[in-house]
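Here are the chains, one letter per residue:
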Amino acid sequence: MTELPLAGITVVSVEQAVAAPFATRQLADLGARVIKVERPGEGDFARRYDTTVHGESSYFVWLNRSKESLTLDLKSARGRDVLEQLLVGADVFVQNLAPGAAARLGLDAASLRERYPSLIPCTITGYGSEGPWADRKAYDLLVQCQTGLVSLTGNEHGAARAGVSVADIAAGMYAYSGVLTALFTRATRGVARAVEVSLFEALAEWMSQPALYTAHGGTQPPRIGTRHATIAPYGTFPAADGKDVLLSIQNEREWAALCERFLERPDLVDDPRFATGPDRVAHRDALDAIVAERFRALDSREVRELLDAAGIANAGVNTVEEFLAHPVLRERGRWRDVRVPGAVVPALLPPVDLAGVDPRMDAVPALGEHTEGILTALGHSAADIAALRADGVV
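Figured I'd write up the structure that's included with this text. (Residues numbered from 1 in each chain as written. Predicted model: local features only at pLDDT ≥ 70, side-chain atom pairs only at ≥ 80, totals over all residues. Heavy atoms only, no water.)

### A look at the side chain of Ser57
Residue placement: Ser57 occurs in the loop between strand S2 (33-38) and helix H2 (58-63). A polar side-chain atom of Ser57 sits 3.2 Å from the main-chain amide nitrogen of Tyr59. (Helix = DSSP H or I, 4+ residues; strand = E, 2+ residues; numbered from the N terminus. Polar contact = N/O pair within 3.5 Å; in protein donor to acceptor, adjacent residues only side chain to side chain.)

### Let's talk about a nonpolar patch on the surface
On the surface, Val320, Phe323, Leu324 and Leu348 cluster together into a nonpolar patch covering about 350 Å² of accessible area. It is helix H14 (residues 320-324) that contributes the most residues to the nonpolar patch, three residues altogether. Structurally, the position occupied by Phe323 is in helix H14. (Patch = residues over 30% accessible without salt bridge, like charges linked within 9 Å, V, L, I, M, F, W, Y side chains within 5 Å. Areas by Shrake-Rupley, 256 points an atom, 1.4 Å probe, with all protein chains shown as cover. Salt bridge = Lys/Arg side-chain N within 4 Å of Asp/Glu carboxyl O.)

### Brief notes about the nonpolar core
Core analysis: the biggest nonpolar cluster contains 37 residues, and Val11 and Ile124 have the highest contact counts within it. At the level of elements, helix H1 (19-29), strand S4 (92-95), strand S5 (120-125), helix H7 (166-189), strand S8 (195-198) and helix H8 (199-206) are the ones that each hand at least two residues to this core. Considering every element that reaches this core, the biggest residue donor is H7, with nine residues. Core analysis: the next-biggest nonpolar cluster, separate from the first, contains 26 residues, Leu83, Leu87, Phe93 and Tyr116 among them. (Core = buried A, V, L, I, M, F, W, Y, C linked by side-chain atoms within 4.5 Å. Buried < 20%, exposed > 50% of the residue type's maximum accessible area, 1.4 Å probe, protein only.)

### As for the layout of surface pockets
Roughly 1,400 Å³ of internal volume is contained in the largest pocket. The wall of the largest pocket is formed by 41 residues, among which Arg25, Trp62, Arg65, Leu348 and Leu349 lie closest to the centre. Every element with two or more residues in the lining of the largest pocket is listed here: H1, H2, H7, H14, strand S12 (335-340) and strand S13 (343-348). The residue inventory of the lining of the largest pocket, partitioned by class, reads 28 nonpolar, five polar and eight charged. Looking at the second largest pocket, its volume works out to about 820 Å³. In terms of lining residues, the second largest pocket is bounded by 39 residues, among which Asn96, Leu97, Ala98, Ile124 and Thr125 are the most central. When contributions to the lining of the second largest pocket are tallied by element, the ones reaching two or more residues are helix H4 (101-104), S5 and S8. (1 Å grid on protein atoms, 1.4 Å probe; cavity = no way out; pocket = protein on both sides within 12 Å on 5 of 7 lines; lining within 4 Å. Points joined across faces, edges and corners; volume = space filled by probe spheres on them. Nonpolar A, V, L, I, M, F, W, Y, C, P; charged D, E, K, R; others polar.)

### Observations concerning unusual backbone geometry
Residue Ala232 is joined to Pro233 through a cis peptide bond whose omega torsion reads -5°. Relative to the helices and strands, Pro233 is located in the loop between helix H9 (208-217) and strand S9 (234-238). Positive phi outside glycine occurs at Ala17, with the angle close to 65°. Secondary-structure assignment places Ala17 in the loop between strand S1 (10-14) and H1.

### Some points on the sheet that holds S9
Spatially, the three strands line up as an open sheet ordered S9-S10-S11, and their pairing is antiparallel. The two strands at the open ends of the sheet, each matched to only one other strand, are S9 and strand S11 (313-316). Each strand axis lies, on average, 25° off the axis of its neighbour in the sheet, ignoring direction. Where strand S10 (residues 244-248) meets S11, four bridges bridge the pair, whose relative direction is antiparallel. When the bridges of S11 are listed, Leu247 appears paired with Asn314. Contacting S9 and S10, helix H12 (residues 284-296) crosses the sheet at an angle of about 40° to S9. (Pairing = 2+ DSSP bridges. Axes fitted to C-alpha atoms, helices over the stretch in contact; angles between N-to-C directions. Contact = heavy atoms within 4.5 Å.)

### Thoughts on the packing of H1 against H7
Interaxial distance between H1 and H7 falls to 7 Å at its minimum, and their mutual angle equals 45°. The orientation of H1 relative to H7 falls into the category oblique. Where H1 crosses over H7, the handedness of that crossing is right-handed. Between H1, through Ala19, Phe22, Ala23, Gln26 and Leu27, and H7, the contact on the second element is made entirely by Asp168, Ile169, Ala171, Gly172, Met173, Ala175, Tyr176, Val179 and Leu180. (Parallel < 35°, antiparallel > 145°, perpendicular 65-115°, else oblique. Left-handed = near helix turned anticlockwise from the far one by under 90°.)

### Concerning the packing of aromatic side chains
Evaluated as defined, the whole model comprises nine aromatic pairs. When the ring of Phe22 is compared with that of Trp62, the centres are 5.6 Å apart and the planes differ by 40°; the resulting orientation is tilted. Placement of Phe22 in helix H1 and of Trp62 in helix H2 is noted, with a sequence separation of 40 residues between them. Looking at Trp62, the relative accessible area reads 31%, which means it is partly exposed. On the numbers, 6.1 Å between centres and 50° between planes, the contact of Phe45 with Tyr49 is tilted. (Phe/Tyr/Trp six-rings, centres within 6.5 Å; stacked < 30°, edge-to-face > 60°.)

### Quick notes on the packing of H7 against H8
Between two packed helices, what matters for the description is the angle formed by their axes and the separation of those axes. Running from amino to carboxyl end, H7 crosses H8 at an angle of 95°, the nearest separation of the two axes being 8 Å. Between H7 and H8, the crossing angle belongs to the class labelled roughly perpendicular. Residue-level contacts link Val166, Ala167, Asp168, Ala170, Ala171 and Tyr174 of H7 to Leu199, Ala202, Leu203, Glu205 and Trp206 of H8. Broken down by class, the residue content of the contact of H7 with H8 amounts to nine nonpolar, no polar and two charged.

This is how it looks when you write it as structure tokens:
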């Protein structure tokens, strides 16, 4: 097997919740050693979001495989001394502490770069480390609201949050790519650059298309459930058996195929109400009524078979249970067993495949599982470690 791309890279992370752990888990997947610093006796608070995975949190299991857990009280001088020992040999330091906490501990990017010129500090914040909202807390749904995303999701009956933590995930992805870029820059130019990502600005990037549409179109895209603000027909329709099927038309060729081969209404191809994409959106209600009538004449299996035959993109609306059994994941071998404390659970492989490289899928650590080993490697004696434990430092 080819050596993992990030083998030999050490990451120290004072992390919690989702954004930072997602960034560092992806680094661990590629072979980096990730030392996760957690509060003694408490740990990352994501450990207690739920207890559904054999007593462990589904969030924590998702985000923390292949890491080493070190408990350390960073409010104590001895705890900070241990952290400094780790940073001497580290390549990357990641933190998403509460606003102001990193600076109080001397762990802000500017302070770290003075002490460790070759270290890459990565800071994940809510609204930026500087600026008018630097001191505000930011959680995923707050950021969904602040960026306007919630004003786009839902339907005519009301708003809805995105069903997964999109602001955290976006920030974690950009932090991951930022760290990779900084590692490449250090390797090729000898310069270690700091990385900073905010949840707000990460999700703001994802909001660029509706922002452009609103700024130049005079009104924001409407909240219309599974329909698309600028494409029609596009959305879910119930078949005769009550199951919803989604279809998507992307161009004029597909529109003609839908009319001729699925709707059995070739006359609609030249109907001036539906001549272009903007025309179809302008007459969406009339068009959706025609499509819905055809759906009601067929069961969901028949709908999908006919749409497939016509070359029209479509999908059943899966439950999470149906997703878990999805044939693409099964037949492509995307599941791997990962150990959690007291059990083994299936987990998805990272979505990026590197030729000849098998990603690391090691165990999810118990709280403080690696504390003794890490401290011993740093030169602490058994008596030192016992004293640190007795005083609640680790």
